[in-house]
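A closer look at the structure
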Amino acid sequence: MTDFPDGPRGHAPAYDPRDAVTTYAFEVDERLLGTELATPKRRLAALLIDLLLAALIAALGGILVGFAVAFIFFRIATRRREERPLRRWARATLATLGAVVLFVTVLAVIGGGWNAPFSSSNPDAVEAPGRSPEAIMATLRDTVNQQLEREGIPLERLEAAGVPPAVLGFLAADSSSTDATAQREQSVQLLRRYTAAFADEDTAALDSLTAPTRALVAGAQIAQLRSQLRRAEEGSISELDADTVSIQLPEPLGVVGQIIPWNFPLLMAAWKLAPALAAGNAVVVKPAEQTPVSIIEWIKLVGHLLPDGVLNIVHGYGPEAGKPLAKSERIAKIAFTGETTTGRLIMQYASENIIPVTLELGGKSPNVFFESVMDADDAFLDKCLEGAAMFALNQGEVCTCPSRILVQESIAEEFTEAVVERVKKIKVGNPLDDETQVGAQASNDQFEKIKNYFDVGREEGAEVLVGGKVATAQGVAVAAGGDGAPANGGYYIEPTIFRGHNRMRVFQEEIFGPVTSLTTFKDEDEAIEISNETLYGLGAGVWTRDAHQLYRVPRAIKAGRVWVNCYHLYPAHATFGGYKKSGFGRENHKMMLNHYRQTKNMLVSYDKNAMGFF
C-alpha cells in the first residue's frame, strides 16, 4: 500500500490519473512504433541537446570562418610593422568571435526555430523522421505477431476465438504493403478486437496471453476511454446578462474511500473504481476481510497502469480498517456496498467530516408473476420459471436476490409446482466444477445464519416446498439436518423455497442465501402493495405478457432497479441503486461520474464599472 497523495481533503491531487494512464498507453505506442515519448523532461533534455549540437556546429563553422578572417587581419597587421604583436592577436581574436556570432545568427534565420521531436504523444506529429506509415504499421504487426508466437498462439486459435477475418488478414499481411490508410484502420480494429476478446470471459483461446500482450490491449483501451471521456466531458456556460457569464466546471473530489463487499469482490471493485478514476480522483479501497486475494491478483495485472498513490488497497477488518477509512479527515468521499446496518454506521462516521456518501445496501426484492405468464406453454414460460429460480444465483449471496416470489392466485398451484420442479434440478457442488450451478456459501458465519433462518421459518409456520437443509455436494455426504460442519469441509445449502405470508421474518429479513419465500396475490393492486411492504427497495422483477402491466406495475414498485420479463441482468449504462433502506447513489451509469466530482461555478463579469454599493 502506498500513502495518500499529497494535498488536503477535498482537493484534487496535483496529477490527473487520466493523464497517467494515457502516458502508459503512449509508452505502449513507443514500444510498438519505435517512437519517443515526449514528456516535459524529455522535451527539455532534447532542447538542451539540440541547442548544444547547434552551438557546436555553429562554433566549428564560425571557427573556420574566423580563422580565415583572422589570417587576413594578421597578414595586414604584419605589413604594418609599427603595430605591436599583442594588439595584432587581439584584433584576430575579436574577428574570430565576430565571425562565430555572425554564423550562429545566420543559422537561426535559416533554420526557422525549434521543432519538437516526434512522439506518439505529439498530436501534431504525423510520422517519425525517416519512418513511413507503412514501416510503422509493419512494426506494429511484427511486434504483435512476435508476442503471439512467443506465447504459442497461432492465427488459427485467434480465428477460433472469433477474431474477425479483417484482423487476421492484417496480421498475416505482407509488411511491405503500401496501403498505409488501410493498415492504420486495421491496426485500430486489431486493438479494439483484442480489447473485446480480453473482456469476454468465454474466449478461452486467448486466456493464455501473458501480461505484456494484455498490457498492450489495456493501454489501447485506456487511451481510447480516456480520450472519449476528455472529449465528451463538458461543463456549461450561461449568459446571465450582457456583462455576466456563469460557467459550471466539474472537478474531482480528491482522495475517495471505497469499501467493497465479499459476495462480488472484483465486480464491486470495478463498479466503484472505474468512475472514481475516470473522474480524476485517487482511491483507497478496502476489500472485505473474507475475500482479500482476488483484488491483489488483479492489481498484479493492472497495477503498472497507474502511478503510486492513485490506487491504494488497505486490508483489514471493519473496526480496524473500514471505520478509520470512513472517519479519515483525508478522505473527500466514502462509497460502501454491504448490509444496511453497516451502511448506517458508515454514514455516521462520514458525517463527522461532512463528506458525501453513496451506499448500496441490502434488499428483499419481490419477483412478481402475473397470470398471463401461463397463457401458453412456450419459451417465455420457460424463461419465467428460470426467473423464479434466480434466487439461487451466486448461492443467493446477491443484494438484489429475488427472495420473495409473488404469484397471482389464479395460477398459484400450477406455477408453484413447475417452479419447485425447476429448483430441484439445480446442481449443488464444488464451485470449481463446470457442472455446478450453486456452490458453497462464503463463510461459516453465513452458513450458520442461513441454517438459523430455516429454524425461524419453520417456527413461524412457513411451509418448506423444497430444500430447507444442508446439501449433499458432489456426491459427498454432508451433515444431515444442518447439524455440525459438512463432512467435506464446504458450506453447502440446498436451494430452498418457503411458502407463507409477507409478514413472516423470512419474507422481511435479508437471509443472503439460496432461500426465497413464496406468497400469492389477487390482483395488481395487491401485488404492488405486497411488493412495497418492506424496508428495502433495491430490486424487483415483474413478469407478464400484458403490455399495460409491464409498464404500470414497475412504475408503482418502489425500487431502484425493476427487471421486466428478465432478472439478474446488469448491463453497463443501466443505473443501479436503491430506494428506502437500500441506500442511495447509482452505479453502472454515466451519472456515477457526478458522485465522484464536485461542481465549481465561475461567475464572470465583463462590466468595468463599480456596482455602486460602497
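Read on for a plain summary of the structure. (Residues numbered from 1 in each chain as written. Predicted model: local features only at pLDDT ≥ 70, side-chain atom pairs only at ≥ 80, totals over all residues. Heavy atoms only, no water.)

**Overview of the overall build of the chain**
When you go through the chain residue by residue, the secondary structure sums to 19 helices and 18 strands. At a minimum sequence separation of 6, the contacts of the chain that also span at least 24 residues come to 70%. When the accessible surface of the chain is summed, it comes to about 32,100 Å², and 57% of that surface belongs to carbon and sulfur atoms. (Helix = DSSP H or I, 4+ residues; strand = E, 2+ residues; numbered from the N terminus. Contact = heavy atoms within 4.5 Å. Areas by Shrake-Rupley, 256 points an atom, 1.4 Å probe, with all protein chains shown as cover.)

**Things to note about the packing of helix H17 (residues 524-532) against helix H18 (residues 549-556)**
Packing of H17 against H18 brings their axes to within 9 Å, and their N-to-C directions diverge by 35°. For the pair H17 and H18, the crossing hand works out as right-handed. For the pair H17 and H18, the contacting residues are Glu524, Ile528 and Asn532 in the first and Gln549, Arg552, Val553 and Ala556 in the second. Here the residues of the contact of H17 with H18 are counted per class, giving three nonpolar, two polar and two charged. (Axes fitted to C-alpha atoms, helices over the stretch in contact; angles between N-to-C directions. Left-handed = near helix turned anticlockwise from the far one by under 90°. Nonpolar A, V, L, I, M, F, W, Y, C, P; charged D, E, K, R; others polar.)

**Structural notes on the nonpolar core**
With 36 residues, the main nonpolar core has Val373, Phe415, Val423 and Ile497 as its most contacted residues. Those elements giving two or more residues to this core turn out to be helix H13 (379-388), strand E9 (404-408), helix H14 (412-424) and strand E10 (463-466). Residues Ala269, Val285, Leu311 and Ala332 belong to the second largest nonpolar core, which totals 25 residues. (Core = buried A, V, L, I, M, F, W, Y, C linked by side-chain atoms within 4.5 Å. Buried < 20%, exposed > 50% of the residue type's maximum accessible area, 1.4 Å probe, protein only.)

**What to know about the pattern of salt bridges**
It is possible for side chains bearing opposite charge to pair when their charged atoms get close. The final tally for this structure, using the stated rule, is 17 salt bridges. Of the charged contacts in the structure, one is a salt bridge between Glu421 and Lys424, with a shortest N-O distance of 3.7 Å. Of the two residues, Glu421 and Lys424 are both situated in helix H14; the distance of three residues between them amounts to about one turn of the helix. For Lys424, a relative accessible area of 51% translates into the label exposed. A network of salt bridges, in which partner residues are shared, links Glu413, Glu463 and Arg499. (Salt bridge = Lys/Arg side-chain N within 4 Å of Asp/Glu carboxyl O.)

**Some words on the packing of aromatic side chains**
What the rule picks out here adds up to eleven aromatic pairs. Ring plane angle 45° and centroid distance 6.1 Å describe the contact between Trp271 and Tyr570, whose orientation is recorded as tilted. Residue Trp271 is located in helix H9 (residues 265-278), and its partner Tyr570 is located in the loop between strand E15 (561-564) and strand E16 (579-580); the two are separated by 299 residues in the primary sequence. Here Trp271 falls in the buried class, since its relative accessible area comes to 9%. Grouping aromatic residues by their ring pairs yields a cluster made of Trp271, Trp563, Tyr567, Tyr570 and Phe576. Over the aromatic face of Tyr596 sits the side chain of Lys333, whose NZ or CZ is 4.9 Å from the ring centroid. (Phe/Tyr/Trp six-rings, centres within 6.5 Å; stacked < 30°, edge-to-face > 60°. Lys NZ or Arg CZ within 6 Å of the ring centre and 35° of its normal.)

**Topic: the sheet that holds strand E18 (residues 597-605)**
Taken in spatial order, the three strands line up as E1-E2-E18 in an open sheet, and their pairing is antiparallel. Each edge of the sheet is formed by a strand with only one pairing partner; in this case those strands are strand E1 (236-241) and E18. Averaged over all adjacent pairs, the angle separating strand axes in this sheet is 25°, with direction ignored. In this sheet, strand E2 (residues 244-252) lies alongside E1 in antiparallel orientation, the contact comprising five bridges. When the bridges of E2 are listed, Glu239 appears paired with Val245. (Pairing = 2+ DSSP bridges.)

**Some points on H18**
What sets the pattern is the α-helix's 3.6 residues per turn: residues three or four places apart point alike. What H18 keeps buried is the set Gln549, Val553 and Pro554. Projected onto a plane normal to the axis of H18, the buried residues spread over an arc of 105° and lie on a single side. Facing away from the buried side of H18, by more than 90 degrees, are the exposed residues Tyr551 and Arg555. Next to the buried residues of H18 lie H17, strand E14 (539-543) and E15. (Arc of directions from axis to C-beta.)

**Observations regarding the sheet that holds strand E12 (residues 515-521)**
Sheet architecture is open: seven strands sit in the order E10-E11-E12-E9-E8-E14-E15, paired in mixed fashion. This sheet does not close on itself; its edge strands, each paired only once, are E10 and E15. Taking each pair of neighbouring strands and ignoring which way they run, the sheet shows an average axis angle of 25°. One ladder, built from four bridges, connects E14 with E15; its direction is parallel. By the bridge assignment, Gly541 is partnered in E15 with Trp563. Those strands touched by helix H15 (residues 444-460) are E10, strand E11 (496-499) and E12, and its axis lies near 25° from that of E11.

**Considering the state of the cysteines**
Tallied over the entire structure, the rule returns zero disulfides. Cys401 takes part in no disulfide bond, and the closest cysteine sulfur, belonging to Cys399, lies 9.6 Å away. Accessibility expressed as a relative area gives 5% for Cys401, which makes it buried. (Disulfide = S-S within 2.5 Å.)

**With respect to a nonpolar patch on the surface**
There is a patch of nonpolar side chains on the surface, built from Met611, Phe613 and Phe614 and spanning about 550 Å² of accessible area. Inspection of the secondary structure puts Met611 in the segment after E18. On the accessibility criterion, Met611 (70% relative accessible area) is exposed. (Patch = residues over 30% accessible without salt bridge, like charges linked within 9 Å, V, L, I, M, F, W, Y side chains within 5 Å.)

**As for unusual backbone geometry**
In this structure, Ile354 is a non-glycine residue whose phi angle is positive, near 50°. In this fold, Ile354 is placed in the loop between helix H12 (340-351) and strand E7 (357-360). For Ile354, a relative accessible area of 73% corresponds to the exposed category. Phi at His573 takes a positive value of approximately 70°, unusual for a residue other than glycine. Along the chain, His573 turns up in the loop between E15 and E16.

**Thoughts on a negative patch on the surface**
A cluster of acidic residues, Glu239, Asp241, Asp243 and Asp607, forms a negative patch on the protein surface. Mapped onto the secondary structure, Glu239 falls in strand E1. In this structure Glu239 comes out as exposed when scored by relative accessible area, which is 65%. (Lys, Arg positive; Asp, Glu negative; His and termini not counted. Charge placed at Lys NZ, Arg CZ, Asp CG, Glu CD.)

**Remarks on the side chain of Asn353**
Here Asn353 lies in the loop between H12 and E7. The class for Asn353 is buried, based on a relative accessible area of 13%. Here Ser328 takes part through its backbone oxygen, which lies 3.3 Å from a polar atom of the side chain of Asn353. (Polar contact = N/O pair within 3.5 Å; in protein donor to acceptor, adjacent residues only side chain to side chain.)

**Quick notes on the pairing of E2**
Between E1 and the antiparallel strand that follows it, E2, lie two residues. In this sheet, E18 lies alongside E2 in antiparallel orientation, the contact comprising nine bridges. Note that in E18 the partner of Ser246 across the bridge is Leu603.

**Describing a positive patch on the surface**
Residues Arg344, Lys558, Lys580 and Lys581 make up a contiguous surface patch of positive charge. Structurally, the position occupied by Arg344 is in helix H12.

**Quick notes on the pairing of E15**
Because side chains alternate across E15, one face comprises the buried residues Arg561 and Trp563, and the other comprises Val562 and Val564, none of which is buried. Read from E14 through H18 to E15, the crossover connection turns out right-handed. (Right-handed = clockwise from strand over helix to strand, strands pointing away.)

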